[in-house]
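Observations on chain architecture
Chain by chain, the residues run as shown.
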Amino acid sequence: MPIENRPLLGVDEVEALTGVPAKIIRAQVRNGLLKARMAGSTTMRIRRADLDAWLDALPAWHA
């Protein structure tokens, strides 16, 4: 299944899709701004719907 169609994404996959560095993605999860789910004790997964909501909430650039 193409990465764009997966319902759950790992941090590296989110980084590949968005271009946002993994350390920023993890910080956003830690700060509660991006929702993530735990699949096991150490495997974090981000639902595509939560990623899209987070992206929509990012401030727009105004030059």
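See the structure above.
Since the model is a prediction, treat every value here as computed from it, not as a measurement.

Within the chain one finds 3 helices and 3 strands. Element order for the chain, N to C, with α for helix and β for strand: β-α-α-β-β-α. Here the C-alpha atoms of the chain give a radius of gyration of 12 Å, agreeing with the 11 Å that 2.2 N^0.38 yields for 63 residues. Dimensions of the chain along its principal axes, counting C-alpha atoms only, are 45 × 30 × 20 Å. Residue burial in the chain is summarised as follows: out of 63 residues, 24% are buried. Expressed as a percentage of contacts within the chain between residues at least 6 apart in sequence, the contacts between residues at least 24 apart total 38%. If you sum the accessible surface of the chain, you get close to 4,500 Å²; carbon and sulfur atoms cover 55% of it. Averaging the locations of the 9 positively and 7 negatively charged side chains of the chain gives two centres separated by 7 Å.

Our focus in this paragraph is the pattern of salt bridges. Enumeration over the complete set of coordinates arrives at 4 salt bridges. Between Asp50 and Arg47 there is a salt bridge, with the nearest N and O atoms lying 3.0 Å from each other. Between Arg48 and Asp52 there is a salt bridge; the shortest N-O distance is 3.2 Å. Of the two residues, Arg48 and Asp52 are both situated in helix α3 (residues 48-57); the distance of 4 residues between them amounts to about one turn of the helix. Accessibility expressed as a relative area gives 30% for Asp52, which makes it partly exposed. Overlapping salt bridges, with partners in common, bring together Arg37, Arg47 and Asp50 in one network.

Conventions we followed
- Every chain is numbered independently, its residues counted from 1 as its sequence is written.
- Reporting in this predicted model follows two pLDDT cut-offs: at least 70 for local features of residues, and 80 or more for side-chain atom pairs to be given and counted; totals over whole chains, interfaces and linings ignore these cut-offs and use all residues.
- Hydrogens are left out, water is left out, and the side-chain values use all remaining heavy atoms of the structure.
- Secondary structure follows DSSP: runs of H or I at least 4 residues long count as helices, runs of E at least 2 residues long count as strands, and numbering of each begins at the N terminus.
- The size measure is the radius of gyration over C-alpha atoms, and the globule rule it meets is 2.2 Å times the number of residues to the 0.38 power.
- For every residue, the accessible area (1.4 Å probe, protein chains only) is compared with the maximum for its type, and the residue is labelled buried under 20%, exposed over 50%, or partly exposed between those bounds.
- Whether two residues touch is decided by their heavy atoms; if any such pair falls within 4.5 Å, the residues are in contact.
- All accessible-area figures derive from a Shrake-Rupley calculation using a 1.4 Å probe, and residue coverage is judged against the displayed protein chains alone.
- In this count, Lys and Arg are taken as positive residues and Asp and Glu as negative ones, while His and the chain termini are left out.
- Where a charge lies is defined by one atom per residue type: Lys uses NZ, Arg uses CZ, Asp uses CG and Glu uses CD.
- A pair is scored as a salt bridge if a Lys or Arg side-chain nitrogen falls within 4 Å of a carboxyl oxygen belonging to Asp or Glu.

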